[in-house]
Amino acid sequence: MANNISANPWTVDTASTALVWAGRIYIKELIWNAPTPGTALVIKDQNGNVIINTVANTQDPMFAFGTLGWVNGMAVTTLASGTLSVFINK
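Residues numbered from 1 in each chain as written. Predicted model: local features only at pLDDT ≥ 70, side-chain atom pairs only at ≥ 80, totals over all residues. Heavy atoms only, no water.

(A) How the structure looks around the overall build of the chain. The number of helices and strands found in the chain is zero helices and seven strands. Along its sequence from the N terminus, the chain presents helices and strands in the succession β-β-β-β-β-β-β. Taken against the 2.2 N^0.38 rule, which gives 12 Å for 90 residues, the C-alpha radius of gyration of the chain at 12 Å falls within 12% of a compact globule. Taking the principal axes of the C-alpha coordinates as reference, the chain spans close to 35 × 25 × 25 Å. Looking at the chain residue by residue over its 90 residues, the buried ones come to 34%. Nonlocal contacts in the chain, meaning residues at least 24 apart in sequence, comprise 71% of its contacts between residues at least 6 apart. Of the roughly 4,700 Å² of accessible surface on the chain, 51% is carried by carbon and sulfur atoms. (Helix = DSSP H or I, 4+ residues; strand = E, 2+ residues; numbered from the N terminus. Rg over C-alpha atoms; globule rule 2.2 N^0.38 Å. Buried < 20%, exposed > 50% of the residue type's maximum accessible area, 1.4 Å probe, protein only. Contact = heavy atoms within 4.5 Å. Areas by Shrake-Rupley, 256 points an atom, 1.4 Å probe, with all protein chains shown as cover.)

Here you go:
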């Protein structure tokens, strides 16, 4: 499956240095669904600043990061397992 940003929430399952979104976006909830323990998640803004850098270290079926607020673009540079649900505010 490829990243899908045509609906709300966005579904992101493919890591890349390419931006998922360029420009400012308000993220009101971000959930990492079904990660494998020991895998990493790294999300950066369009300037290369780290927004999230974490590792799934339990058998938790999901990790909810809550409201991230305004971010300047979004690139999911590391996502070895699971999917992201990105709820945006339009």
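Once you've had a look at it, read on.
(B) Representation of the nonpolar core. The biggest cluster of nonpolar side chains holds 19 residues, and the ones touching the most others in it are Leu41, Ile43, Met74, Val76, Leu84 and Val86. Counting residues per element, the ones that place at least two in this core are strand E1 (10-12), strand E2 (21-33), strand E3 (40-44), strand E6 (69-79) and strand E7 (83-89). Beyond its immediate sequence surroundings of up to four residues, Leu41 is in contact with Trp32, Ile52, Asn53, Thr54, Phe65, Val76, Thr78, Leu79 and Leu84. (Core = buried A, V, L, I, M, F, W, Y, C linked by side-chain atoms within 4.5 Å.)

(C) How the structure looks around the packing of aromatic side chains. Scanning the model with the defined rule gives three aromatic pairs in all. Ring centres of Trp10 and Trp21 lie 5.6 Å apart, and the angle between their planes is 35°; on these two criteria the pair is classed as tilted. In this pair, Trp10 is assigned in strand E1 and Trp21 in strand E2, connecting sequence segments 11 residues apart. Classification of Trp10 as buried rests on a relative accessible area of 2%. (Phe/Tyr/Trp six-rings, centres within 6.5 Å; stacked < 30°, edge-to-face > 60°.)

(D) Region of the structure containing the pairing of E3. Sheet topology places E3 next to strand E4 (residues 50-55); five bridges connect them, and they run antiparallel. From the neighbouring strand, Leu41 faces E4, where its bridge partner is Thr54. Where E3 folds back onto E4 in an antiparallel hairpin, the turn is made up of five residues, including Gly48, whose phi is positive at roughly 90°. The sheet contact formed by E3 and E6 spans four bridges and is antiparallel. Directly across from Ile43, in E6, lies its bridge partner Val76. (Pairing = 2+ DSSP bridges.)

(E) Seen up close, the environment of Thr83. The topology assignment puts Thr83 in strand E7. Distance in space between the C-alpha atoms of Thr83 and Ile31 is 8.2 Å, their sequence separation being 52 residues. Every residue in contact with Thr83, bar those within four places of it in the chain, is listed here: Val12, Asp13, Ile31, Trp32 and Asn33.

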